[in-house]
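A structural walkthrough
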Amino acid sequence: MSESAAQRQLRVGLTQWRPTRDVAANLAVAIRLIGEAGPRADLVLLPENGLMLGSNTEMRTAALSLDSPEITELRSAARNASTTVVLGGFKRRDDQGRIFNTALVIGPDGTIAGGYDKIHLFDARVGGQSFEASAVEQAGERPMIVEIGGVRVGLTICYDVRFPELYRRLALAGAEVILVPAAFTQKTGTAHWEVLLRARAIESAAFVVASATVRGDDGTDAFETFGHALVVDPWGEILADLGVGGPASQVLDLALSEVGRVRAALPVLAGVRPQAYAAEPEIIGVS
């Protein structure tokens, strides 16, 4: 391995906070954390619903267009910190009035590079509460990778983490780092958050960076979220865990040589056989 290959790295800023229904207050937290982590990072990842967490009706009403003042302020924050910012998931209203849950990529010069629209919508009933994301937003149709300093970074959002085929597709397309900004529920987070993130990292042999929202203690949250923003390495080891507090940020150096090392030791991606999986399973009976 050449010296330059061994030294490749991506410096990421992991964030976590408790979002409320107050968009201005949430935006102020986001801008503060970008200012803290951004000057030391190549990428700052903000959590899903970090700008507003409320009921379906409230979040639909609060959906933002790309030319909204809030997005303009985030663009300025990215430019001031000279870092790429990924707004991990916000309700985006397009020019046709449709709403998507979008991970928006803002470059270090403040320009909008693009955005990933969440493919898998959280329609579920958990802990006696119904979550009907499809009543608010439309599903995206295409995976997305952003290149940052020559590093391919896959974009996903929250509930996507339960669909390993998406992560395999991103890894096969060269993603060495995969983002999972989230607002995971307290109940599902306790049971599944860590194991799902570690599984996606292991099977992709990639770093997984997962920002998070965390619940408050006054009982006013639209729903309780789990926190524990994590960074996981390609071997499945947890490199950072922000716990249940916030607002919080942490900057980590991801040594990308680890991706190559793990993929060489366990060449799972080279062994993928899509033609075989596409065949109809043979079903046999035993009497």
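Scroll up for the structure.
One numbering rule holds for all chains: residues counted from 1, following each sequence as written. Given that the model is predicted, a residue must reach a pLDDT of at least 70 before its local features are reported, and side-chain atom pairs must reach 80 or more before they are shown or counted; all residues, however, enter totals for whole chains, interfaces and linings. Side-chain metrics rest on all non-hydrogen atoms present in the structure, leaving aside hydrogens and water.

Looking at the pattern of salt bridges
- Salt bridge criterion: a side-chain nitrogen from Lys or Arg within 4 Å of a carboxyl oxygen from Asp or Glu. Taken as a whole and judged by the stated rule, the model has 15 salt bridges.
- Residues Arg152 and Glu147 are paired through a salt bridge, measuring 2.9 Å at the closest nitrogen-oxygen approach.
- Working definition: with a 1.4 Å probe on protein chains only, accessible area under 20% of the residue-type maximum means buried, over 50% means exposed, and in between means partly exposed. Judged by its relative accessible area of 37%, Arg152 is partly exposed.
- Judged by relative accessible area, which is 51%, Glu147 ranks as exposed.
- When the shortest N-O distance is used, the salt bridge between Arg261 and Glu258 registers 2.7 Å. Placement of both Arg261 and Glu258 in helix α7 (residues 257-265) is noted, with a separation of three residues, approximately one turn of the helix.
- It is possible to trace a salt-bridge network through shared partners that takes in Arg18, Asp218 and Asp221. A run of H or I in DSSP becomes a helix once it reaches four residues, and a run of E becomes a strand once it reaches two; helices and strands are each numbered from the N terminus.

Let's talk about a nonpolar patch on the surface
- The grouping of Trp235, Leu266 and Val268 at the surface amounts to a nonpolar patch, some 290 Å² of accessible area in total.
- For Trp235, the location among the structural elements is in the loop between β13 (230-232) and β14 (238-241).
- Trp235 sits in the partly exposed class, given a relative accessible area of 45%. The patches reported here contain residues having more than 30% relative accessible area and no salt bridge. Joining distances are 9 Å for like charges and 5 Å for nonpolar side chains (Val, Leu, Ile, Met, Phe, Trp, Tyr). All accessible-area figures derive from a Shrake-Rupley calculation using a 1.4 Å probe, and residue coverage is judged against the displayed protein chains alone.

Overview of the nonpolar core
- By size, the foremost hydrophobic cluster in this structure holds 50 residues, and its most contacted members are Val177, Leu179, Trp193, Leu197 and Val209.
- Contacts are assigned to residue pairs with any non-hydrogen atoms lying within 4.5 Å of each other. Those residues in contact with Val209 that lie beyond four places of it in its chain are Val12, Leu14, Leu45, Val177, Ile178, Leu179, Val180, Leu230, Val231 and Leu254.
- Ala30, Ala37, Val44 and Leu104 belong to the second largest nonpolar core, which has 22 residues in total. To form a nonpolar core, buried Ala, Val, Leu, Ile, Met, Phe, Trp, Tyr and Cys residues must be joined to one another through side-chain atoms within 4.5 Å.

Overview of the environment of Ala248
- Along the polypeptide, Ala248 turns up in strand β15 (residues 248-255).
- Judged by its relative accessible area of 18%, Ala248 is buried.
- Along the chain, Ala248 and Arg93 lie 155 residues apart, while their C-alpha atoms are 28 Å from each other.
- Leave out the neighbours within four places in its chain, and Ala248 touches Leu14, Thr15, Gln16, Leu33 and Leu242.

Overview of the sheet that holds β14
- The six strands are arranged β8-β9-β10-β11-β13-β14 in an open sheet whose pairing can be described as mixed. At either end of the open sheet lies a strand with only one pairing partner, and these are β8 (144-148) and β14. Pairs of neighbouring strands in the sheet enclose a mean axial angle of 20°, with direction left out of account.
- By the bridge criterion, five bridges tie β8 to strand β9 (residues 151-155) in an arrangement that is antiparallel. Following the sheet pairing, Glu147 is matched in β9 by Arg152.
- Across the sheet, helix α6 (residues 186-204) lies against β10 (177-179), β11 (207-210), β13 and β14, angled at about 30° from β13, the strand it touches most. For two strands to be treated as a pair, DSSP must find at least two bridges joining them. Orientation is described by axes fitted as lines to C-alpha atoms, over the contacting stretch for helices, and by angles from 0 to 180 degrees between their N-to-C directions.

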